[in-house]
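Residue-level structure breakdown
Residues per chain are reported as follows:
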Amino acid sequence: ACTGIENIDEAITLLEQNNWDLVAAINGVIPQENGILQSEYSGETLHGPAYGPTSHSTAASTPSSSSAFRHVVPSRQIVERQPRMLDFRVEYRDRNVDVVLEDSSTVGDIKHILENELQIPASKMLLKGWKTGDVDDSTVLKSLHLPKNNSLYVLTPDLPPPSSSHSGALQESLNQNFMLIVTHREVQREYNLNFSGSSTIQEVKRNVYDLTSIPVRHQLWEGWPPSATDDSMTLAASGLTFPCHRLTVGRRSSPVQTREQSEEQCTDVHMVSDSDGDDFEDATEFGVDDGEMFGVASSALRKSPMMPENAENEGDALLQFTAEFSSRYGDCHPVYFIGSLEAAFQEAFYGKARDRKLLAIYLHHDESVLTNVFCSQMLCAESIVSYLSQNFITWAWDMTKEANRARFLTMCTRHFGSVVAQTIRTQKTDQFPLFLIIMGKRSSNEVLNVIQGNTTVDELMMRLMAAMEIFSAQQQEDIKDEDEREARENVKREQDEAYRISLEADRAKREAQEREMAEQFRLEQIRKEQEEEREAIRLSLEQSLPPEPKEESTESVSKLRIRTPSGEFFERRFLASSKLQVVFDFVASKGYPWEEYKLLGTFPRRDVTQLDPNKSLVEVKLYPQETLFLEAKE
C-alpha cells in the first residue's frame, strides 16, 4: 500500500537487504521528499500521486535530515517508488566487468556499456546467462524479474580469437623504446623524449606538462594515430611509428572576453559588492546561477569535470580530481589519497594501532548549489585542512556523472553494506557534497557520521572532533590489546630463541661427539688394518725363514742373541753363510720391522741395519756369536 510494489519476490528482496526491518525497507524505497513520510520538525505530510483520476498537489516543505514513518494515507494513494538497482558480473574470456544499472534499463544498455569496456561492437556480442532464456536488446530488465546480483557471459562467434603471434609482437613492442619528437606550437621548440612501450599516453602528456607548463586538460595534440583513443593506452598498442614519431602540442584556446565585457563584469561585481545582500539570497528562485550573477556563465567556471567518466584506474581519476580541485579552489585543500578505496582502507586501518587514522570520504557533486561554498569556505579552511591532515586519510570521489555514481555505490555496498549504500542513493543533489567519516574495526568498517553540505565550519569541526573522540577511545583499546599481544609475542619469541639456541648447542655437542666417535672409530680401523697388515707380513716372513740349524750341525753356525726394547731376549742359530737379510727377516717376524727399528751391535757399537743385507754373517762379523739389541728409530 505504501510503495506500490506488487511483485512478492521484489518485496522479499528489499526486506532481506534491510534485515527484515519494515520501516527501513520502506524508507529505502520511498525518497523522503516524495514518500508518505512526515518531518518531525516541519509538521507537513508529503503525499505521492493517487491511483484515481483525481490527483493531490504535492505540498512543499523544507528538507530535514531527520524523518519518521507516519500514518499511511488512504489506500487509494501510493507513492512512485525509486528504481531498483541491479548488479551484473559479466565475463568475457579472461576479463570480468561489473555493471550496475536500474531495472528500468534494457539489455541493449548493458551491451552499450560492455562495448565501451571491452572495445567490442554491440552487434557482434551475444549476452548469455539469462535465467529466462535468450532475450533481445529491447527487453526491459524489470520484466525479467532478476535478483539483485546476476552473472552473465559474452560470446563473440563472429570475431576471431586473439592471435598468439599478435600477443607476442605486442609484448615485444612493450619492451621497445619509442623516440617522440614533440613540437611546442606556440614557442616553436622541439623536445626529444624517450619512452618505453609500456608507458601510457597519459604519462607522455604529464611529462609534456612539466616541459611546457600546459596542463593536460588544456593540451591540444596533433599527430596521434587514430587508434590512440584512450589516454590509458600504452604506446606499444597505440599504433605509433617505431622507432620515431612526431607530435605537435599547443594550448587549447578559450573564449576571450572583450574589453567592454570585462568592464561590464567589473561593474557587475562592484554593484554586487555595494548591494544589499538580501537582494541576492533569493536569486536562485529567478533562475540566476551563482556564476551568472557575476557575469560569468557556469560552464565557463567549470572547464572540465572533476573526474573522468568510466575511469578504469581509480588512482588516475583521483589525480585529475586533485588537479581540478586545486585549479578551482586553490592549493590550500585536504591532501587527497591517490589510489583505490581498498588502498585507502589499507593505509588508514591496517597498520599498527598507533598509526591508524579515521577515513574521510568526500563525495563531490558539481550540480549541487552547496558545492562551491562548501569547498571554498569549509573544506579549504586552514583549520579543517590541518585537522584532516593530522587525523584523517581523506579520499574523494565525484558523484556528478551517473557512471561514477553507480561505481561508488557498488564499492559502498561491498565495503559498508546495502544500508549505507541506500542512504547515499536516496540523498538529493542539493544535499551534496557529503562527508563520510569511517572507522575501521576488527570485523567490519563502521560509518560514524554522514555530514551534508549545508553546514558551517564550526559545526564541521565539531563533528570531526566528535568522531575523533570515538576513534581515540577505540584506538586506546586497540593500542592496549596490541601492546599486550606484542608483549606475549616477545616473550614467546624470546622463549623460542632460547629454545632454538639450546637445540643448537645440543646439536653442536652431539655432532662433536659423533665426530669424535667417528674419528676414534676411523683411527681404530686404521690401527687394526695396520696390525693385520703387520701380522700378515710377520707371518709371511716367519714362513719364509730357512729352518734353524741344529747345534750338532757340521756346518758353521752363528748364534745370535737379540735384546728387545722391553728388555726381553730371544736367541736363534743361523748358518754362517746365511745373508744378513735373513737376520732382518727374523727380527721382523718377531714384530720389529727394520723400517722402524735399528739393530745395534755391542763391541764395537755399530748400526747393523746400515750394512749390506746381501752379505753373509761371516762377512759382517756376526760369527760365531754376537749379542745385538733393538732400538726404535726416531
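Thresholds, definitions, all that
- Residues numbered from 1 in each chain as written.
- Predicted model: local features only at pLDDT ≥ 70, side-chain atom pairs only at ≥ 80, totals over all residues.
- Heavy atoms only, no water.
- Pairing = 2+ DSSP bridges.
- Helix = DSSP H or I, 4+ residues; strand = E, 2+ residues; numbered from the N terminus.
- Contact = heavy atoms within 4.5 Å.
- Axes fitted to C-alpha atoms, helices over the stretch in contact; angles between N-to-C directions.
- Salt bridge = Lys/Arg side-chain N within 4 Å of Asp/Glu carboxyl O.
- Buried < 20%, exposed > 50% of the residue type's maximum accessible area, 1.4 Å probe, protein only.

Labelled according to an unreviewed UniProt entry, the protein appears under the name FAF1 factor, originating from Pachyramphus minor.

1. Quick look at the sheet that holds strand β18 (residues 606-607)
A sheet is described by the order of its strands in space; here 5 strands give the open sequence β16-β15-β19-β17-β18, paired in mixed fashion. The sheet is open, and its two edges are formed by β16 (569-575) and β18, each paired on a single side. Sheet strands in contact with helix α17 (residues 580-589) are β15 (557-563), β16, β17 (597-601) and β19 (625-632), and its direction is about 150 degrees off that of β16.

2. A short note on the pattern of salt bridges
Applying the stated criterion to the full structure yields 32 salt bridges. Arg 356 serves as the salt-bridge partner of Glu 482, at 4.0 Å between the closest nitrogen and oxygen. Here Arg 356 lies in the loop between α11 (341-349) and β11 (358-364) and Glu 482 lies in helix α16 (residues 457-544), a separation of 126 residues in the sequence. With relative accessibility at 7%, the residue Glu 482 sits in the buried group. Two residues, Glu 504 and Arg 507, come together in a salt bridge whose shortest N-O distance is 2.3 Å. Taken together, the positions of Glu 504 and Arg 507, both in helix α16 and 3 residues apart, correspond to about one turn of that helix. A residue is classified by how much of its surface remains accessible, and Glu 504, at 36% relative accessible area, is partly exposed. Given the relative accessible area of 30%, Arg 507 is considered partly exposed. When salt bridges with common partners are traced through the structure, they connect Arg 217, Glu 324, Arg 328 and Asp 366 into a single cluster.

3. Regarding the sheet that holds strand β13 (residues 434-440)
Through backbone hydrogen bonds, the strands of a sheet pair up, either in parallel or in antiparallel fashion. Strand order in the open sheet formed by 4 strands is β12-β11-β13-β14, with mixed pairing between adjacent strands. Looking at strand neighbours, the two that pair on one side only are β12 (392-398) and β14 (445-451), the edges of this open sheet. Averaged over all neighbouring strand pairs, the angle between strand axes comes to 25 degrees, with direction disregarded. By the bridge criterion, 6 bridges tie β13 to β14 in an arrangement that is antiparallel. Bridge pairing links Leu 436 to Val 450 in β14. Packed on one face of the sheet, α11 meets β11, β12, β13 and β14 and runs near 150 degrees to β11. Where helix α13 (residues 382-391) meets the sheet, it contacts β11, β12 and β13, and its direction lies at approximately 110 degrees from that of β12.

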